[in-house]
Amino acid sequence: MISDIETVPLEALMARAAAKRDAAHGRLVSYSRKVFIPLTKLCRDVCHYCTFAERPRTGRPAYLSPEAVLTIARAGAAAGCTEALFTLGDKPELRYRAAREALATLGHETTISYLREMCALVLKETGLLPHVNPGIMARDEIASLRTVSASMGIMLESSSDRLCEPGGVHYGSPDKAPSVRLDMMRIAGELAVPFTTGILIGIGETRAERLESLLAIRDLHVRHGHIQEVIVQNFRAKPNTKRATAPEPDLDDLLWSIAAARLILPDDVHVQAPPNLSPGVYEKLVEAGIDDWGGVSPVTPDHVNPEAPWPQIDMLAQRTATMGKVLVQRLPVYPAYAFAADRWCAAGVATRVRRTIDAEGWAREDDWAPGLTVLPKQRAVLLDRADPAVADTVTKAVSGARLDEAEIVRLFAARDADYEHVITAADALRQLVSGDVVRYVVNRNINYTNICYYRCRFCAFSKGKTHEELRGAPYDLALDEVVRRSREAWDRGATEVCLQGGIHPDYTGATYLGICRAIKAALPDMHVHAFSPLEVTQGAATLGLSLHEFLSELKEAGLGTLPGTAAEILDDDVRAIICPDKVNTSQWLEVLRTAHQLGLRTTSTIMYGHVERPVSWARHLLVLRDLQAETGGITEFVPLPFVHMEAPMYLRGQARKGPTLREAVLMHAVARLALHPLITNIQTSWVKMGPDGAALCLNAGANDLGGTLMNESISRAAGTQHGQEFPPEAMEDLIRTIGRVPLQRDTLYRPAPEERHALSFNAPELAPVVQTPPHKALAAE
């Protein structure tokens, strides 16, 4: 394939490159929304085509001040940027006294030292991720900057030594020597720095030399895996330079170079062409094989090419769409590096990366997170049709066939027209399966203790001795308080009490049996929906009973159904990270399977948006589908988006900030499709999504609004801003506003008795709850 690059006709070469790109990257073309911070324009080199470098001038600061740097960075943050691009001249202090004096005034001996301080300042004050292009650096300088930057770069430009000889464009520029640049790129690979490089075409090199440059870059990446992207940049002649009258490469030459890069480089190296240097031919660049537009700034000019303004990002998205591609924003680190941030980034930078990405590793589309009250504006659809592969997958799902893992992942990746196709199909399927009725249940949540000896890393609810000052006092409800809350719920029209809690070290299976018996003795007609598979497993173990024996006793004591919580993500690789001491996937399934065999039906859930990726969502859905095919005991599927605000693993920098709104809506839509026709009820959580977010989900495949709750503790502890109760009046108003028909149900999806329905409206205020203190001192943690 490489051997004939110079001889294949351009059109065929481009077609081959585009096919290789599409196989690796699909419909997506990325860009980075950035601010350009020219820390200094002084430079020790004298490149014959550069207008960025300047000589010292009286009255002009040699370096941007910290205040000036922050002003630029803050403007970028306000404009939705995620990258702070620091581009600067190469070690000007080695050439200019003015640079040395300016650095001394700033408290530094070197430009790299000052750059490090400014990267740290921008990262801390604005959250923008620095990408640095400071020229040639030694190993210790790269290592120092790695602690405060997400990525680095240097253009190879050309591997040809000939260009450094007298008459060549790099003559007199010691930092342009190819061996020096390649050696620095090697060191960056050894230090695990995500790296950008590229070739500059039209500066006197031959096509064969371009290919040699690309092969040198490829070889470095094969050894170290650190080359994120290769820029194919076309030379632009600039006034007042030695090459002001030099010919520029024509479009065919640029397209040939892009196609060659795509064909030579591995699939995981992205190929980029700056859009501002080729206005009017964006479509051609895409046809040649690019999958990235590079950095585009809504705030600052391209200081290296000031004559070439950045395109407007909305216009760039539209032009990209004309080629059947979707423009997606990225960080300075691409998804593969973002997901391995602990390897590729310093700790503080890795935390910021995780908090800024979505489930596919791209930049989050907005500032929304589960638990927040304001929804972002919906994005316009630019593509005129869905990807045929997405449409075919949807058709297969609607037929009732079991999708495979890759097909479900494809649906979760839907954006633009693909997203609209998926949610529209899911909503149509919902209408076919359950009509226009939206069901809800009047119930009360009773979390009987927040003391737990498990250490789930996502949980902000459980308390212990060392947590009191952080999140409030631990409690362990007395049985009479549990009964009182149940009776109060009954008097307010409830048909169900939902009971779950932490795994208290003093609890045994007898505790759970006692709770059921106490409620049923006081309220024989109240449905007891209680105990996660974790509680059931622990209860059985403490009594020395099998799951079958213990669940039989719970059923005899009055247990009606079980919540399918504690599922989190049914992928043991993920569980090992977020809840390593909890039941594993097979143990969780065994509890549900046993309950179903005993005639105890269960719900099913997923808790998503933290450390996992869409492939784990697919595995989770398939596990549930297969269980339902076996037992038929699942009443509904409930997506529970991760609420990050107070979650320990988020506060420690180990998790994302929940799903994006697009991902949350897709979870409901894809579940409707992937679980069809086996699980017919898809519920949306108003506590986590909020009423407006829940309405979006009800128009994307969901048909159930869950419970009124009366008391909600777990999501509130995690930081959600939504209330503790969503009364029937509000439930029904919301349902009617989206043109649907409300129906109050019981736990088993039967219509609620009329007497219960009537009591649930205009219910009296709840009495203050009593959080019974622990009966004995907690053991030291």
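Residues numbered from 1 in each chain as written. Predicted model: local features only at pLDDT ≥ 70, side-chain atom pairs only at ≥ 80, totals over all residues. Heavy atoms only, no water.

When helices and strands are counted, the chain shows 30 helices and 18 strands. Here the C-alpha coordinates of the chain stretch approximately 100 × 55 × 45 Å along the principal axes. Across the 781 residues that make up the chain, the buried fraction comes to 61%. Long-range contacts, defined here as pairs at least 24 residues apart, represent 78% of the contacts in the chain between residues at least 6 apart. Carbon and sulfur atoms form 53% of the exposed surface of the chain, whose accessible area is close to 28800 Å². Looking at the chain, you have 84 positive and 95 negative side-chain charges, and the mean spots of the two groups are 3 Å apart. (Helix = DSSP H or I, 4+ residues; strand = E, 2+ residues; numbered from the N terminus. Buried < 20%, exposed > 50% of the residue type's maximum accessible area, 1.4 Å probe, protein only. Contact = heavy atoms within 4.5 Å. Areas by Shrake-Rupley, 256 points an atom, 1.4 Å probe, with all protein chains shown as cover. Lys, Arg positive; Asp, Glu negative; His and termini not counted. Charge placed at Lys NZ, Arg CZ, Asp CG, Glu CD.)

Now for the side chain of Asn305. Here Asn305 lies in the loop between strand 8 (292-296) and helix 10 (313-321). Residue classification places Asn305 among the buried residues on the basis of a relative accessible area of 5%. Excluding anything up to four places from it in sequence, Asn305 contacts Gln233, Lys238, Asn276 and Leu277.

To continue, consider the packing of helix 16 (residues 417-434) against helix 26 (residues 661-674). Contact geometry for helix 16 and helix 26: axes closest at 9 Å, N-to-C directions at 45°. As far as their axial angle goes, helix 26 and helix 16 are oblique. In this structure, the crossing between helix 16 and helix 26 has a hand that is left-handed. Contacts from Tyr419, Val422, Ile423, Ala425, Ala426, Leu429, Arg430 and Val433 of helix 16 reach helix 26 at Arg662, Val665, Leu666, Ala669, Val670, Arg672 and Leu673. Partitioned by chemical class, the residues of the contact of helix 16 with helix 26 number 12 nonpolar, no polar and 3 charged. (Axes fitted to C-alpha atoms, helices over the stretch in contact; angles between N-to-C directions. Parallel < 35°, antiparallel > 145°, perpendicular 65-115°, else oblique. Left-handed = near helix turned anticlockwise from the far one by under 90°. Nonpolar A, V, L, I, M, F, W, Y, C, P; charged D, E, K, R; others polar.)

The subject of this paragraph is the pattern of salt bridges. Applying the stated rule across the entire model yields 53 salt bridges. Ionic pairing is found between Asp358 and Arg415, a salt bridge with its closest N-O pair at 2.9 Å. Residue Asp358 is located in the loop between helix 13 (347-356) and helix 14 (388-398), and its partner Arg415 is located in the loop between helix 15 (405-412) and helix 16; the two are separated by 57 residues in the primary sequence. Across the pair, exposure class does not vary: Asp358 and Arg415 are buried alike. Within the structure, one salt-bridge network assembled from shared partners comprises Asp358, Glu360, Glu365, Arg415 and Arg662. (Salt bridge = Lys/Arg side-chain N within 4 Å of Asp/Glu carboxyl O.)

All right, on to the nonpolar core then. Where a protein is soluble and globular, its nonpolar side chains tend to be buried together. Counting 114 residues, the largest nonpolar core has Val422, Leu499, Phe531, Leu554 and Leu705 as the members making the most contacts within it. Sorting elements by how many residues they give to this core places helix 26 first, with 10 residues. Setting aside chain neighbours within four positions, we find Phe531 in contact with Tyr448, Leu499, Gln500, Tyr512, Ile515, Cys516, Val536, Leu554, Leu559, Leu562 and Pro563. (Core = buried A, V, L, I, M, F, W, Y, C linked by side-chain atoms within 4.5 Å.)

Right, let's talk about the confidence of the model for the chain for a bit. Here the chain averages 93 in pLDDT, while 95% of its residues score no lower than 70. Confidence over residues 463-471 falls short of pLDDT 50; this stretch has 23 contacts with residues more than four positions distant or in other chains. Counted against residues more than four places away or in other chains, residues 777-781, with its pLDDT under 50, gives 11 contacts. (pLDDT = per-residue confidence, 0-100.)

What follows is about the sheet that holds strand 12 (residues 496-500). Spatially, 11-12-13-14-15-16 is the arrangement adopted by the 6 strands of the open sheet, whose pairing is parallel. Taken across any chain shown, the strands that pair with only one partner, and hence form the sheet edges, are strand 11 (443-447) and strand 16 (634-641). Pairs of neighbouring strands in the sheet enclose a mean axial angle of 25°, with direction left out of account. For strand 11 and strand 12, the ladder comprises 5 bridges, and the chain directions are parallel. Directly across from Arg444, in strand 12, lies its bridge partner Val497. (Pairing = 2+ DSSP bridges.)

With that out of the way, let us pick up the sheet that holds strand 10 (residues 437-441). Strand order in the open sheet made by the 3 strands is 17-10-18, with parallel pairing throughout. If you trace the sheet from one side to the other, it starts and ends with strand 17 (704-707) and strand 18 (741-745), each paired once. Neighbouring strand axes in the sheet, compared pairwise and without regard to direction, differ in orientation by 20° on average. Bridge count for strand 10 against strand 17 is 2 bridges, and the pairing is parallel. Residue Val441 lies in a different strand from strand 17, and its bridge partner there is Gly707.

For the rest of this paragraph, the subject is the environment of Gln744. Relative to the helices and strands, Gln744 is located in strand 18. We classify Gln744 as buried; its relative accessible area is 4%. Taking C-alpha positions, Gln744 is 7.4 Å from Val442, a pair spaced 302 residues apart along the chain.

Attention now moves to the pairing of strand 3 (residues 129-133). Counting buried residues in strand 3 gives 4 out of 5 residues, a clear majority hidden from the surface. The pairing of strand 2 (residues 83-87) with strand 3 spans 5 bridges and is parallel. Note that in strand 3 the partner of Glu83 across the bridge is Leu129. In terms of strand pairing, strand 3 meets strand 4 (residues 151-153) through 2 bridges, oriented parallel.

Turning to the packing of aromatic side chains, a few remarks are in order. Scanning the entire structure with this criterion turns up 11 aromatic pairs. Ring geometry for Tyr448 versus Tyr507: centroids 6.1 Å apart, planes at 35°, classification tilted. Separated by 59 residues along the polypeptide, Tyr448 in the loop between strand 11 and helix 17 (468-471) and Tyr507 in the loop between strand 12 and helix 19 (509-522) bring together distant segments of the chain. A single burial state applies to Tyr448 and to Tyr507, both of which are buried. Three or more aromatic residues link up through ring pairs in this structure, and these residues are Tyr448, Tyr507, Tyr512 and Phe531. Between the NZ or CZ atom of Arg355 and the centre of the ring of Tyr650, over which it lies, the distance is 4.2 Å. When the ring centre of Tyr749 is taken as origin, the NZ or CZ atom of Arg745, which lies over that ring, is 4.0 Å away. (Phe/Tyr/Trp six-rings, centres within 6.5 Å; stacked < 30°, edge-to-face > 60°. Lys NZ or Arg CZ within 6 Å of the ring centre and 35° of its normal.)

The terminal C-alpha atoms of helix 16 lie 25 Å apart, and with 18 residues this matches the ideal 26 Å at 1.5 Å per residue to within 8%. Among the residues making up helix 16, those that are buried are Ala417, Asp418, Tyr419, Val422, Ile423, Ala425, Ala426, Asp427, Leu429, Arg430 and Ser434. One or two steps after helix 16, the chain reaches Gly435, where phi turns positive at roughly 70°. (Expected span 1.5 Å × (residues − 1).)

With respect to the helices and strands, Ile408 occurs in helix 15. Note: C-alpha distance between Ile408 and Glu755 (347 residues apart in sequence) is 43 Å. Every residue in contact with Ile408, bar those within four places of it in the chain, is listed here: Leu403, Ala618, Leu621, Leu622, Val670 and Ala674.

A few words on the packing of helix 1 (residues 10-25) against helix 8 (residues 251-264). Relative orientation of the contacting elements helix 1 and helix 8 amounts to 45°, with a least axis distance of 9 Å. Here helix 8 runs oblique to helix 1, going by the angle between their axes. Viewed along their axes, helix 1 and helix 8 form a crossing whose handedness is left-handed. On helix 8, the residues touching Leu10, Leu13, Met14, Arg16, Ala17, Lys20, Arg21 and His25 of helix 1 are Asp252, Leu255, Trp256, Ala259, Arg262 and Leu263. For the contact of helix 1 with helix 8, a count of residues per class yields 8 nonpolar, 1 polar and 5 charged.

Residue position: Gly739 is located in the loop between helix 29 (728-737) and strand 18. Residue class for Gly739 comes out exposed when judged on its relative accessible area of 56%.

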